[in-house]
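Okay, here's what each chain looks like letter by letter:
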Amino acid sequence: MHSALSSLSFSQATTVPRSNYAFDSHSPAFALSQPVNLRFCGLRREAFGFSSLTQSCSGRVRVSSRGHSKKISASAVGNGTPPKSFDYDLIIIGAGVGGHGAALHAVEKGLKTAIIEGDVVGGTCVNRGCVPSKALLAVSGRMRELQSEHHMKAFGLQVSAAGYDRQGVADHANNLASKIRSNLTNSMKALGVDILTGVGTIVGPQKVKYGKVGFPDNIVTAKDIIIATGSVPFVPKGIEVDGKTVITSDHALKLEFVPDWIAIVGSGYIGLEFSDVYTALGSEVTFIEALDQLMPGFDPEIGKLAQRVLINPRQIDYHTGVFATKITPARDGKPVIIELTDAKTKEPKDTLEVDAALIATGRAPFTNGLGLENINVVTQRGFVPVDERMRVIDANGKLVTHLYCIGDANGKMMLAHAASAQGISVVEQVTGRDHMLNHLSIPAACFTHPEISMVGMTEPQAREKAEKEGFEVSVAKTSFKANTKALAENEGEGLAKLIYRPDNGEILGVHIFGLHAADLIHEASNAIALGTRIQDIKFAVHAHPTLSEVLDELFKSAKVKAPSSSSPVSEPVAV
């Protein structure tokens, strides 16, 4: 299927050969810091060069927490003391931000830790994903404001024609990625994580070899091993990528040129975000989607509203229900040629000639060459099979002891912050605390203008579950048009939607389309993670006037039959 997959689903992909390549753990970092952390795409403040760490005279790392220092058993110099029978307590294969997050949490827990990386630290998120794409989207957002005469006039502002320097925009994205990559590397070095350079391969239980092509391999052992090798763009058969006129997201983020007309194959998260960038910079866009509707991974109601705002008014047209069965790059003075086939009948349907084509059809697990055959593990469509605690399962359905897999490589939820959360969960387990991550509490976001965010189930998913399990589902909605802060920003276009159980107040899903939706979703995701019910969260107080009141009104509008579990009245506190 050629549609861009929602990050909440498996990639329609096969295995991708591994070589001396950056390991793409595709997950945000988790580092030692103070209780309130500055984050970017899930990266904690250490990624920006800020540190709450101090070092004692003995060389041991300390972390400040609520006014006092707590010793960490791992030394910044010696990186802890491993068991005598192993080189390390923990080895992580893959130095994307998911592996990085697991490594930092492991050090916090006192584990002697090593991380193996094949090229550069940061993986997909930092180098070819979350970070540079947000830099480009920041530019597109400002361009849209400056280009909208109606928007500027509403503020009483007059702006001359807005323009941009393509290389300057590209440099902004590249410089940000370089800065974050450098800071991630430095944060691990400062905490004493051993960074082992080379391709990591499992050669047996608790044993890994690593090395670069043309150099001798090194063997290291660890009590526990985490696979965090991430994913790469998936390119369907029949599509010839030349990196110039037929490109993946890896190439697009370099912004080497802005085509007059670009076709985007797939209308999921990746495709939507790039359509936002390209149209803001002056390109015409044509979506090619295998399913019968655009944005198939989103809640249908939110998808329809998003199409009305993000697609219809812009220089975008689309073909749905078709496969791009063959794409030929531009050459010899000829344009890019795209052959479309009807998704149902498989009959030829149309041919497009465009300046460029972006392949945004999902991602493939980066797991070939890991040596899984040495421990009797067989991948499923390239994904490493794991249980609910990220423990690897072998070909006989048995757990492989001391081996875990996190992030895109296991396919449970192909999101940066999901990989980080999985890595932290694994570290909790190997240090003696049973922990199981609730994936329904993990939010997702699409950083278009306006943004889209979601957590939990869509309405169709919730109703299907309710029918099977015999409970009732209700829906509450609130508009950004009723929010003072949104109106002050002249951004009243938006909707928040709550899907819940009226009998007990359980939050089943929340979907937001509007200004800063990606920031607003976390109140809902944290409520799901903590098991907070609507009848309790509706007593929370939100500052006025803020966008957070959109969620406040949403929860207050829900009709729950169950009473609050606690009294909303609290004893006054002297200040």
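Quick caveat: nothing in here was measured; it's all calculated off a predicted structure.

### Focus: the overall build of the chain
Helix and strand counts for the chain come out as 15 helices and 26 strands. Here the chain holds 575 residues, and 55% of them are scored as buried. Partitioning the intrachain contacts of the chain with sequence separation of at least 6 by distance along the chain shows that 66% fall at a separation of at least 24. Roughly 24800 Å² of accessible area belongs to the chain as shown, and the carbon and sulfur atoms make up 51% of that amount.

### A few points about unusual backbone geometry
Here the amide bond leading from His449 into Pro450 is cis, since omega sits at 5°, within 30 degrees of zero. Summarising the element assignment, Pro450 is placed in the loop between β22 (444-446) and β23 (451-456). Residue Pro545 is reached from His544 by a cis peptide bond, and omega for that bond is -5°. Examined against the element boundaries, Pro545 turns out to sit in the loop between α14 (534-537) and α15 (549-557). Although it is not a glycine, Asp332 adopts a positive phi angle of roughly 55°. Its place among the elements puts Asp332 in the loop between β15 (322-328) and β16 (336-342). Residue Asp332 is classed as exposed on the basis of its relative accessible area of 75%. Backbone geometry places His516, a non-glycine residue, at a positive phi of 55°.

### Topic: the packing of helix α1 (residues 97-108) against helix α9 (residues 416-430)
A packed helix pair is summarised by two numbers, namely the angle formed by the two axes and the spacing between the axes. For the pair α1 and α9, the least separation of the axes is 8 Å and the interaxial angle reads 30°. Here α9 runs roughly parallel to α1, going by the angle between their axes. Crossing of α1 against α9: the hand is right-handed. Mapping the contact onto sequence places Gly98, Ala102, His105 and Ala106 in α1 and Ala419, Ser420, Gly423, Ile424, Val427 and Glu428 in α9. Along the lines of polarity and charge, the residues of the contact of α1 with α9 split into five nonpolar, four polar and one charged.

### Concerning the pattern of salt bridges
For the structure on display, the rule yields 26 salt bridges. Between Glu240 and Arg331 there is a salt bridge, and its shortest N-O distance comes to 2.7 Å. Here the residue Glu240 occupies a position in the loop between β10 (231-233) and β11 (246-248), and Arg331 occupies one in the loop between β15 and β16, the gap between them amounting to 91 residues. A residue is classified by how much of its surface remains accessible, and Glu240, at 37% relative accessible area, is partly exposed. By relative accessible area, Arg331 is classed as partly exposed at 38%. The partner of Arg389 in a salt bridge is Asp434, and the shortest N-O contact between them spans 2.7 Å. Residue Arg389 is found in the loop between β19 (363-365) and β20 (391-393), and its partner Asp434 is found in the loop between α9 and β22; the two are separated by 45 residues along the sequence. Overall, Asp434 belongs to the exposed group, its relative accessible area being 55%. In this structure, a network of salt bridges that share partners links the residues Asp299, Glu301, Glu459, Arg463, Lys477 and Lys497.

### Considerations on the sheet that holds strand β13 (residues 284-289)
An order of β11-β18-β12-β13-β14 is seen for the five strands of this open sheet, with the pairing classed as parallel. Edge strands, defined here as strands with exactly one partner in the open sheet, are β11 and β14 (316-320). Put simply, the sheet's adjacent strands are angled 20° from each other on average, direction ignored. When strand β12 (residues 261-265) meets strand β18 (residues 356-359), the two strands line up parallel, connected through four bridges. Bridge pairing links Ile262 to Ala356 in β18. Packing of helix α7 (residues 269-280) onto the sheet brings it into contact with β11, β12, β13, β14 and β18, and relative to β13 it is tilted by some 165°.

### A few points about the side chain of Ser453
Inspection of the secondary structure puts Ser453 in strand β23. The class of Ser453 is buried, set by a relative accessible area of 1%. Within the local environment of Ser453, its side chain forms a polar contact with the backbone oxygen of Ala517, the two atoms lying 2.8 Å apart. When neighbours within four sequence positions are excluded, Ser453 is seen to be in contact with Ala444, Ala445, Val510, His511, Ile512, Ala517, Ala518 and Ile521.

### Comments concerning the UniProt feature "active site" (unreviewed entry) in the chain
UniProt feature "active site" (unreviewed entry): in the numbering of this structure it lies at His544. Checked against the element boundaries, His544 lands in the loop between α14 and α15. Apart from the residues lying within four places of it in its own chain, the contact partners of His544 are Thr484 and Glu549. A polar atom in the side chain of His544 sits 2.8 Å from the side chain of Glu549.

### Section: the sheet that holds β15
A sheet is described by the order of its strands in space; here three strands give the open sequence β15-β16-β17, paired in antiparallel fashion. Both edges of this open sheet fall to β15 and β17 (348-354), since each of them pairs with a single strand only. Direction aside, neighbouring strands of the sheet carry axes that sit 25° apart on average. Relative to β17, β16 runs antiparallel, the two sharing six bridges. From the neighbouring strand, Ile337 faces β17, where its bridge partner is Glu353.

### Quick look at the packing of α1 against helix α5 (residues 166-191)
For the pair α1 and α5, the least separation of the axes is 10 Å and the interaxial angle reads 25°. Relative to α5, the element α1 is oriented roughly parallel. Read as a crossing pair, α1 and α5 show a hand that is left-handed. Along its contact with α1, which presents Val97, His100, Ala103, Leu104 and Val107, the element α5 presents Leu184, Ser187, Met188 and Leu191. Here the contact of α1 with α5 is built from residues that sort into seven nonpolar, two polar and no charged.

### As for the UniProt feature "binding site: FAD" (unreviewed entry) in the chain
What UniProt calls "binding site: FAD" (unreviewed entry) maps, in this numbering, to Lys134, Gly200, Thr229, Gly230, Ser231, Asp408, Met414, Leu415, Ala416 and His417. Among the structural elements, Ser231 can be located in strand β10. A polar atom in the side chain of Ser231 sits 2.7 Å from the side chain of Arg363. Mapped onto the secondary structure, Ala416 falls in helix α9.

### Quick look at a negative patch on the surface
Taken together, the side chains of Asp260, Glu284, Asp317 and Asp355 define an acidic patch exposed on the protein surface. As for its position among the elements, Asp317 is in strand β14.

Basis of the calculations
Residues numbered from 1 in each chain as written. Predicted model: local features only at pLDDT ≥ 70, side-chain atom pairs only at ≥ 80, totals over all residues. Heavy atoms only, no water. Helix = DSSP H or I, 4+ residues; strand = E, 2+ residues; numbered from the N terminus. Buried < 20%, exposed > 50% of the residue type's maximum accessible area, 1.4 Å probe, protein only. Contact = heavy atoms within 4.5 Å. Areas by Shrake-Rupley, 256 points an atom, 1.4 Å probe, with all protein chains shown as cover. Axes fitted to C-alpha atoms, helices over the stretch in contact; angles between N-to-C directions. Parallel < 35°, antiparallel > 145°, perpendicular 65-115°, else oblique. Left-handed = near helix turned anticlockwise from the far one by under 90°. Nonpolar A, V, L, I, M, F, W, Y, C, P; charged D, E, K, R; others polar. Salt bridge = Lys/Arg side-chain N within 4 Å of Asp/Glu carboxyl O. Pairing = 2+ DSSP bridges. Polar contact = N/O pair within 3.5 Å; in protein donor to acceptor, adjacent residues only side chain to side chain. UniProt positions renumbered as here; feature names shortened; annotations may be inferred. Patch = residues over 30% accessible without salt bridge, like charges linked within 9 Å, V, L, I, M, F, W, Y side chains within 5 Å. Lys, Arg positive; Asp, Glu negative; His and termini not counted. Charge placed at Lys NZ, Arg CZ, Asp CG, Glu CD.

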